[in-house]
Amino acid sequence: MEIVVKDLSVVYMPDTPYEKQALSHIDLRIESGCFAAIAGATGSGKSTLIQCMAGLIRPASGQVQVGDKIFHAGSKSGAALRKHVGIVFQYPEHQLFEETIAKDIAFGLKNRGITEPKLDREVHRMMDLVGLPGELSDRSPFHLSGGQMRRVAIAGILALKPDVLIMDEPTAGLDRQGKQELFRLLKDLHEKQGLTVILVTHDMNDVAKYADQVFVLSGGKLALSGTPAEVFEQYQIWQELSLELPQVSQLVAKINEQLDVPLPYSIFTLEE
Ligand code: ADP
């Protein structure tokens, strides 16, 4: 399902001394079935943007369109978007609350009106989808490893049958193996289930490895967008401005400081 964001601005606590413009005039399009990444430094507006896409934060102006559902400042609620967009927040395992894995996953299924005997079958199908062995279904989710707990949380969101899956820093706190396994799962869900996946990340290496499209936010504005190769190339244009090396280095330091992301391209490792 396609997502189109038009001239989107978000303001927190408007008309108070704490007023904060978190997003300014964002325009972007995420194609259906795409694996997109949203990157940028802390405070650049990533969480605000994804919560608007999921119908959880109301735009101050502009709009978000998911499929044929539109959410704007005057909309009654974002509920129409929430039906299509599943959002897995950072450390989703903190949101697990049932005493067994099966019950946690069944919560979302029951919301969709699924009852026994289909419920049990669907719980096991969801567990299979996220790579959890069926025999764990009656165990407490709190005795699992960090990576497995996260799978339970993802299964709970998939149970709501979203067309778009948004993951906010999904590998935060996982070890190398957990991280690799989680990306394998995301790739699988994207390829085999045809889900549109939106990954929020700090890590440009993950962007380069997995994303088809990338959007880089800076100070609430869309700074760069395109395929990972295009975005990395946009940085390299600085090199072609025929600046002296010290000037380039200063520029690079400034960009790196603003974006706070390690980039795998040579321009970002230039030495004076
Ligand atoms: P990111 O996810 O990239 O770290 P956020 O979307 O969380 O960025 O934040 C964007 C800006 O909005 C930041 O300056 C942040 O301090 C501010 N902000 C975020 N949430 C709130 C809120 N609930 N109230 C006020 N300001 C907020």
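**Examining unusual backbone geometry**
Line of reasoning, step 1. With an omega dihedral of 5 degrees, the bond running from Glu116 to Pro117 counts as a cis peptide bond.
Line of reasoning, step 2. You can see Pro117 is positioned in the loop between helix H3 (101-111) and helix H4 (118-129).
Line of reasoning, step 3. Of note, the phi angle at Met13 is positive, near 45 degrees, even though the residue is not glycine.
Line of reasoning, step 4. By the element assignment, Met13 lies in the loop between strand E1 (3-12) and strand E2 (20-30).
Line of reasoning, step 5. Phi angles above zero are rare outside glycine, and Glu169 is one such case at about 45 degrees.
Line of reasoning, step 6. By secondary structure assignment, the location of Glu169 is in the loop between strand E7 (164-168) and helix H6 (176-193).

**Brief notes about a nonpolar patch on the surface**
Line of reasoning, step 1. A cluster of nonpolar residues, Tyr12, Met13 and Tyr18, forms a patch on the protein surface that exposes about 350 Å² of accessible area.
Line of reasoning, step 2. In this fold, Tyr12 is placed in strand E1.
Line of reasoning, step 3. Assessed through its relative accessible area of 30%, Tyr12 is described here as partly exposed.

**Here's the deal with the site of the ligand**
Line of reasoning, step 1. Every residue near the ligand is listed here: Tyr12, Met13, Lys20, Ala22, Ala41, Thr42, Gly43, Ser44, Gly45, Lys46, Ser47 and Thr48.
Line of reasoning, step 2. Separating an oxygen atom of the ligand from a backbone N or O atom of Gly43 is a distance of 2.7 Å.
Line of reasoning, step 3. Between an oxygen atom of the ligand and a side-chain N or O atom of Lys46, the distance comes to 2.9 Å.
Line of reasoning, step 4. With the chains in place, 65% of the 560 Å² that the ligand exposes on its own is no longer accessible.

**A look at the environment of Asp15**
Line of reasoning, step 1. Structurally, Asp15 can be placed in the loop between E1 and E2.
Line of reasoning, step 2. Sequence separation of Asp15 and Ile26 is 11 residues, and the distance between their C-alpha atoms is 22 Å.

**Details of the sheet that holds E1**
Line of reasoning, step 1. An order of E2-E1-E4-E5 is seen for the 4 strands of this open sheet, with the pairing classed as antiparallel. The open sheet has two edge strands with one neighbour each: E2 and strand E5 (69-72). Averaged over all pairs of adjacent strands, the angle between their axes in this sheet comes to 25 degrees, without regard to strand direction.
Line of reasoning, step 2. In this structure, E1 lies alongside strand E4 (residues 61-66), joined through 5 bridges in antiparallel fashion. Across the sheet, the residue bridging to Val5 is Val64, located in E4.
Line of reasoning, step 3. Strands E1, E2, E4 and E5 of the sheet are contacted by helix H1 (residues 46-53), whose axis makes an angle of about 120 degrees with E1.

Cut-offs used in this document
- Residues numbered from 1 in each chain as written.
- Predicted model: local features only at pLDDT ≥ 70, side-chain atom pairs only at ≥ 80, totals over all residues.
- Heavy atoms only, no water.
- Helix = DSSP H or I, 4+ residues; strand = E, 2+ residues; numbered from the N terminus.
- Patch = residues over 30% accessible without salt bridge, like charges linked within 9 Å, V, L, I, M, F, W, Y side chains within 5 Å.
- Areas by Shrake-Rupley, 256 points an atom, 1.4 Å probe, with all protein chains shown as cover.
- Salt bridge = Lys/Arg side-chain N within 4 Å of Asp/Glu carboxyl O.
- Buried < 20%, exposed > 50% of the residue type's maximum accessible area, 1.4 Å probe, protein only.
- Near = heavy atom within 4 Å.
- Polar contact = N/O pair within 3.5 Å; in protein donor to acceptor, adjacent residues only side chain to side chain.
- Pairing = 2+ DSSP bridges.
- Axes fitted to C-alpha atoms, helices over the stretch in contact; angles between N-to-C directions.
- Contact = heavy atoms within 4.5 Å.

Remember that the coordinates give geometry; whether it matters functionally is a separate question.
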